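Spelled out from the first residue to the last, the chains are:
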Amino acid sequence: MSHAWSLQGRRALITGASRGLGLATAQEFSRLGAHLILVARGQEALERVAADLAGEVSIVPADLATAAGLDAVERAVTRLGPLDLLINNAGSNIRKPVASLTAEEFREVMRINLDACFELCRRLYPQLAAAATPERAAAVVNNASVAGMTHLRTGAPYGMSKAAMIQLTRNLAVEWAGDPIRVNAVAPWYIETPLARQVLDDPDYASEVLARTPLGRVGQPEEVARTIAFLCMPAASYITGQTLAVDGGFSVLGF
């Protein structure tokens, strides 16, 4: 495999790695030769994932909505050595109208979707910068959503958190360009994951989703994972500050 299209030997931290898009990303990165640090709340689930992956895999059970969880990740990265790639994938949602949300529910969504992403970028910057060279930049990919680009029925806090993640991506891309650390985001539409299945099991809702998707289908987790992998590769060396919609054309569909 050409060096430009490989992640061979690069150390990648992936959050929310025990299921859905995080799991698919871990599997894709493993196939591409990366050393993995997998983060999720459940140790048993992480152990099952790690057992199925090739190469060097470390697991860090941690709740990223807590200071203790963030501390655990920071300690693990410091212990394991240079970090080349950071994939902020962990996320959650509470689907309610604004008037029905409590202040704590709002904060719960923000803590995991936005605060954890910001804190990991901030805390792990020294390790990313130490690993980066002009010939082989470090990379951060934030898993945002088309909900951060336009209205979706996912609820205001979710959309707000993803929009802020997209703006964080832009700011860090400029701040860290000289280090050199590239920072990009992906913005998926509905992808076949357990989280999406909660609403896609409603046939009327699923029909509306497909009607708004030019490619006429729901995306697959590996399609997002491959996009994340590309943004981390040397092949994407001149791409930073961008948010790439992985949405079957949803975001460009007009009347």
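Structure shown above.
Residues numbered from 1 in each chain as written. Predicted model: local features only at pLDDT ≥ 70, side-chain atom pairs only at ≥ 80, totals over all residues. Heavy atoms only, no water.

Asks: I tried to follow the sheet that holds strand β5 (residues 138-143) on my own but got confused; where do I start?
Replies: The strands making up a sheet associate through hydrogen bonds between their backbones, and the pairing can be parallel or antiparallel. Spatially, β3-β2-β1-β4-β5-β6-β7 is the arrangement adopted by the 7 strands of the open sheet, whose pairing is parallel. Here the strands that pair on one side only, and so sit at the sheet edges, are β3 (57-61) and β7 (243-246). On average, each strand axis in the sheet is inclined to that of its neighbour by 15°, with strand direction left out of account. Note that strand β6 (residues 181-188) and β7 share 4 bridges and pair parallel. In the strand pairing of β7, Pro-188 is matched with Val-246. The sheet contacts of helix α1 (residues 20-31) involve β1 (11-15), β2 (35-40), β4 (85-88), β5 and β6, and relative to β1 the element is tilted by about 165°. Here helix α3 (residues 67-80) sits on the sheet in contact with β1, β2 and β3, set at roughly 155° to β3. (Pairing = 2+ DSSP bridges. Helix = DSSP H or I, 4+ residues; strand = E, 2+ residues; numbered from the N terminus. Axes fitted to C-alpha atoms, helices over the stretch in contact; angles between N-to-C directions. Contact = heavy atoms within 4.5 Å.)

Asks: Would you mind going over the nonpolar core with me for this structure?
Replies: Core analysis: the biggest nonpolar cluster contains 33 residues, and Leu-13, Val-60, Leu-64, Val-73, Leu-86, Leu-124 and Val-140 have the highest contact counts within it. Residue assignment for this core shows that the elements contributing at least two residues are β2, α3, α4 (103-131), β5, α5 (156-175) and β6. Broken down by element, this core gets its largest block of residues, 7 residues, from α4. Residues within four places of Val-73 in sequence aside, it is in contact with Leu-13, Val-39, Val-60, Ala-62, Leu-64, Leu-120 and Leu-124. Grouped together as the second largest cluster of nonpolar side chains are 28 residues, Leu-21, Val-224, Ile-228 and Ala-229 included. (Core = buried A, V, L, I, M, F, W, Y, C linked by side-chain atoms within 4.5 Å. Buried < 20%, exposed > 50% of the residue type's maximum accessible area, 1.4 Å probe, protein only.)

Asks: Looking at this structure, how should I read the pattern of salt bridges?
Replies: When their charged atoms lie close together, side chains carrying opposite charge are able to pair. Tallying each qualifying case throughout the model produces 15 salt bridges. Glu-28 serves as the salt-bridge partner of Arg-31, at 2.8 Å between the closest nitrogen and oxygen. Within this pair, Arg-31 and its partner Glu-28 are both found in helix α1, separated by 3 residues, close to a single helical turn. Between Arg-122 and Glu-119 there is a salt bridge, and its shortest N-O distance comes to 2.8 Å. Taken together, the residues span about one helical turn, with Arg-122 and Glu-119 both in helix α4 at a distance of 3 residues. One network of salt bridges, in which partners are shared, links Asp-71, Glu-74, Glu-119, Arg-122 and Arg-123. (Salt bridge = Lys/Arg side-chain N within 4 Å of Asp/Glu carboxyl O.)

The values are spatial; any link to function lies outside them.
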